[in-house]
Amino acid sequence: MSAATPGAVSPREEEKLEGAFSPGLFRRLFSLLGPYRRYVAGALVALFLESVAQLAGPLLTAAAIDLVLSGGRATAPSPASRLVEGALSTAGLPSAGPGGLAAIAALYLLASLAAFALTALMVEWTSRMGQGVMFDLRTRIFGHLQRADVALYDSTPVGRLMTRLTTDVDALNELFTSGFVALLGDVAVLAGIVALLFWMEPSLAAVTFGVLVPMVFVTNWFRKGARDTYRDVRTRIARVNSFLQEHLSGMVPVQLFRKERRTLEAFSVVNDEHREANIRSIRYYAVFYPALDLLSAIGMAAIVFWGGWQVLRGAMTVGGVVAFLHYSKRFYRPLMDLSEKYNILQAAMASSERIFQLLDTRPSITAPPEPLPLPSPARGEVVFEDVRFSYKPDEEVLKGVSFRARPGETIALVGATGSGKSTVLSLLLRFYDPLSGRVLVDGVPVSRFDPVAYRGLFGIVQQDTFLFTGTIAENVSFFDPGMPRERVLSACEEVGLGPLLARLPEGVDTLLTERGGGLSVGEKQLVSFARALARDPRVLILDEATASVDPETEGRIERAVERLLSGRTSIVVAHRLSTVVRADRILVLSHGEIREEGTHAELLARGGLYARLYALQLKDREAAA
């Protein structure tokens, strides 16, 4: 794939598997279980008891063979049989004959039922625990993202943030529900089996564990290979998702420019890389599990040989050998699962590292220790005093910008793309703080206010209108149940939504789909205007608000805005100079500096930058006509 392939993702952007096991990270990860201690305690108790119930089966099988089925020929019962015989005698139950067989079978059934019930409880409690952690963590991440600086969204793809909320959180759920507890269960069963085997017959236990060395070698080979291929698969699927998200969103220009074949070829390359990565991963699994099955079969064959030899010598009973075979089978299976559990733990640790890295990103725009109350009533005076700002070091976007917007005055900001107009708005709304200089509202530096409360002074309409799934009324009120319906209806009428609402059977209660599906661009913009005006803001900001609408809709909006701007301080940003001619003052920005200031007529008379911009746009309109 070429370097220019869309959707390419650096492997380091998605995976940090090396060195993922950090004690500090591990402690922090499991601190999430704090609110669910009772589920953790219950699951661990159920796990211990379930492991004991699992280990009882082979003991009972050995006792049934030695005490009953051998017909009394086992002169020296195995330690397992003696243990069961003693337990039956203590309980007053027979250990020989049909009565003994029935008693042993009943105990076997009780152990199996107990294991079933305990497993069900453990799954229930671990699932509740995992779902609770997922709920808490997603809520915490989403709350953090709502408080995060706008700079985070300027520098981080939304798809990557979605991955933190979905895939990474799901990895932690898998750890808590099926990874960690199952890993503890496997360890507990293995420890119990090791103890029982050496207690029953040390020499046969040594034979049983003889295959551990090649098993450890195969497992280590699988772990390293699976780790690398796991990272590769994750990286490739990230590229596939990125490619699909970009091209499905941009399907209209793809079809307009007839690039379907080329796009399909590019996707085939990305998709094929993902397929090949999966095939490489499957090869490790294709060798690993059959190799473990082969080694476990060799181990069981060794038990049959050595155990049978011991039976012929009279050193063991048939029941003891059968118990060994059962335990060895249960011993090898957890070993096979441990590598899979290791991958789950590894993925969860990598995901938790990325999640905590996001949560540790503290917002720079915060409320001061003792925020000042908002002025009441607010006058709406806006002042910039020698403001300098840059997004990158040594690349100033604003270079000593100063201006004053008096209460009720309409100020227009015009200039070429990149001149700093939108940056002025971002500083006014305190999405960023200036490097030097001050931004004041009603004579108070905006950094002295709580930013969340402070933004309530503003209403804003942007070029890129974003409407949410819900009714028109809910979008206008921004889902505020406390906003009177009369205010919603009034705002809709003021901006000229009346004809649209009259055509819709449900009126303002018409349900909109994602991003306002079902409305035209102009109608969406009108809803956005109504949403801004329903808040009755003291300062109204129009950021290219009419750039995407047709002339008829623009005329309706301008007539509504002309009435609504009265008595409000307004900041209007526009490329189309026809929308700012009635502003009280026009500020012309160029390369981060205010080059000209005045009314439309004054600036035309000067014949400067504004006059040249206006003449160019007038010539374009004449050519279009």
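Residues numbered from 1 in each chain as written. Predicted model: local features only at pLDDT ≥ 70, side-chain atom pairs only at ≥ 80, totals over all residues. Heavy atoms only, no water.

The next thing to look at is the overall build of the protein chain. Across its full length, the protein chain holds 21 helices and 12 strands. A sequence separation of at least 24 residues applies to 78% of the contacts in the protein chain between residues at least 6 apart. By element, 60% of the accessible surface of the protein chain is carried by carbon and sulfur atoms, the whole surface being about 31400 Å². (Helix = DSSP H or I, 4+ residues; strand = E, 2+ residues; numbered from the N terminus. Contact = heavy atoms within 4.5 Å. Areas by Shrake-Rupley, 256 points an atom, 1.4 Å probe, with all protein chains shown as cover.)

So, on to the nonpolar core. In terms of nonpolar packing, the biggest core is built from 39 residues, with Ile104, Ile193, Leu197, Met215, Phe324, Tyr327 and Phe331 touching the most fellow members. Contributions of two or more residues to this core are made by α3 (37-69), α4 (79-90), α5 (97-147), α7 (158-200), α8 (202-208), α9 (212-249), α11 (260-313) and α12 (318-359). Top contributing element to this core by residue count: α3, with 8 residues. Excluding residues that lie within four positions of it along the chain, tyrosine 327 makes contacts with Leu55, Pro58, Leu59, Ile193, Leu196, Leu197 and Met200. Within the second largest apolar cluster, 38 residues are counted, among which are Ala412, Cys492, Leu501 and Leu603. (Core = buried A, V, L, I, M, F, W, Y, C linked by side-chain atoms within 4.5 Å. Buried < 20%, exposed > 50% of the residue type's maximum accessible area, 1.4 Å probe, protein only.)

For the rest of this paragraph, the subject is the pattern of salt bridges. A complete count under the given rule lists 23 salt bridges for this structure. Two residues, glutamate 273 and arginine 239, come together in a salt bridge whose shortest N-O distance is 3.8 Å. Within this pair, whereas glutamate 273 is found in helix α11, its partner arginine 239 is found in helix α9, the two being separated by 34 residues in sequence. On the accessibility criterion, arginine 239 (12% relative accessible area) is buried. (Salt bridge = Lys/Arg side-chain N within 4 Å of Asp/Glu carboxyl O.)

So, about the confidence of the model for the protein chain. In this model, the protein chain carries an average pLDDT of 82, and 90% of its residues clear a pLDDT of 70 or more. Contacts from residues 1-13, a stretch scored under 50 in pLDDT, to residues over four places away or in other chains number 22 contacts. In this model, residues 15-20 is a region of pLDDT below 50 whose contacts with residues beyond four sequence positions or in other chains number 19 contacts. (pLDDT = per-residue confidence, 0-100.)

Turning our attention to the packing of aromatic side chains. Applying the stated criterion across every chain yields a total of 20 aromatic pairs. When the centroid spacing of 4.8 Å and the interplanar angle of 90 degrees are considered together, the rings of phenylalanine 389 and tyrosine 391 count as edge-to-face. A network of ring pairs unites the aromatic residues Phe222, Tyr285, Phe288 and Tyr289 as a single cluster. The side chain of arginine 38 reaches across the aromatic face of tyrosine 39, ending 4.9 Å from its centre. (Phe/Tyr/Trp six-rings, centres within 6.5 Å; stacked < 30°, edge-to-face > 60°. Lys NZ or Arg CZ within 6 Å of the ring centre and 35° of its normal.)

Relative orientation of the contacting elements α3 and α5 amounts to 160 degrees, with a least axis distance of 8 Å. Considering their axes alone, α3 and α5 lie roughly antiparallel with respect to each other. For the pair α3 and α5, the sense of crossing is left-handed. Of the residues that constitute the contact of α3 with α5, the class distribution is 22 nonpolar, 7 polar and 2 charged. (Axes fitted to C-alpha atoms, helices over the stretch in contact; angles between N-to-C directions. Parallel < 35°, antiparallel > 145°, perpendicular 65-115°, else oblique. Left-handed = near helix turned anticlockwise from the far one by under 90°. Nonpolar A, V, L, I, M, F, W, Y, C, P; charged D, E, K, R; others polar.)

Further remarks concern the sheet that holds strand β12 (residues 593-598). The strands making up a sheet are joined through hydrogen bonds of the backbone, oriented either antiparallel or parallel. In spatial order, the strands read β6-β9-β10-β3-β11-β12; together these 6 strands make up an open sheet with mixed pairing. A strand with exactly one partner marks an edge of an open sheet, and here the two such strands are β6 (458-462) and β12. This sheet shows a mean twist of 15 degrees between the axes of neighbouring strands, independent of strand direction. Strand direction decides the pairing type here: strand β3 (residues 410-415) and strand β11 (residues 585-590), joined by 5 bridges, are parallel. By the bridge assignment, leucine 413 is partnered in β11 with leucine 587. (Pairing = 2+ DSSP bridges.)

A cluster of nonpolar side chains, namely Val45, Phe48, Leu49 and Val52, defines an oily patch on the protein surface of about 380 Å² accessible area. With respect to the helices and strands, the residue valine 45 is situated in helix α3. (Patch = residues over 30% accessible without salt bridge, like charges linked within 9 Å, V, L, I, M, F, W, Y side chains within 5 Å.)

Bringing the sheet that holds strand β4 (residues 436-441) into the picture now. Read from one edge of the open sheet, 4 strands run β2-β1-β4-β5, paired in antiparallel fashion. The sheet is open, and its two edges are formed by β2 (395-405) and β5 (444-445), each paired on a single side. With 5 bridges connecting them, strand β1 (residues 382-392) and β4 associate as antiparallel partners. Bridge pairing in β4 places valine 383 opposite leucine 440. Helix-sheet contacts for helix α13 (residues 421-428) involve β1, β2 and β4, and the interaxial angle to β1 is about 110 degrees.

Let's shift gears to unusual backbone geometry. Between serine 376 and the following residue, proline 377, the backbone shows a cis peptide bond with an omega angle of -5 degrees. Among the secondary structure elements, proline 377 is positioned in the loop between α12 and β1. For arginine 430, which is not glycine, the phi dihedral falls at a positive 55 degrees. Mapped onto the elements, arginine 430 comes out in the loop between α13 and β4. Here histidine 591, not a glycine, exhibits a phi torsion of approximately 55 degrees, which is positive. Along the chain, the position of histidine 591 falls in the loop between β11 and β12.

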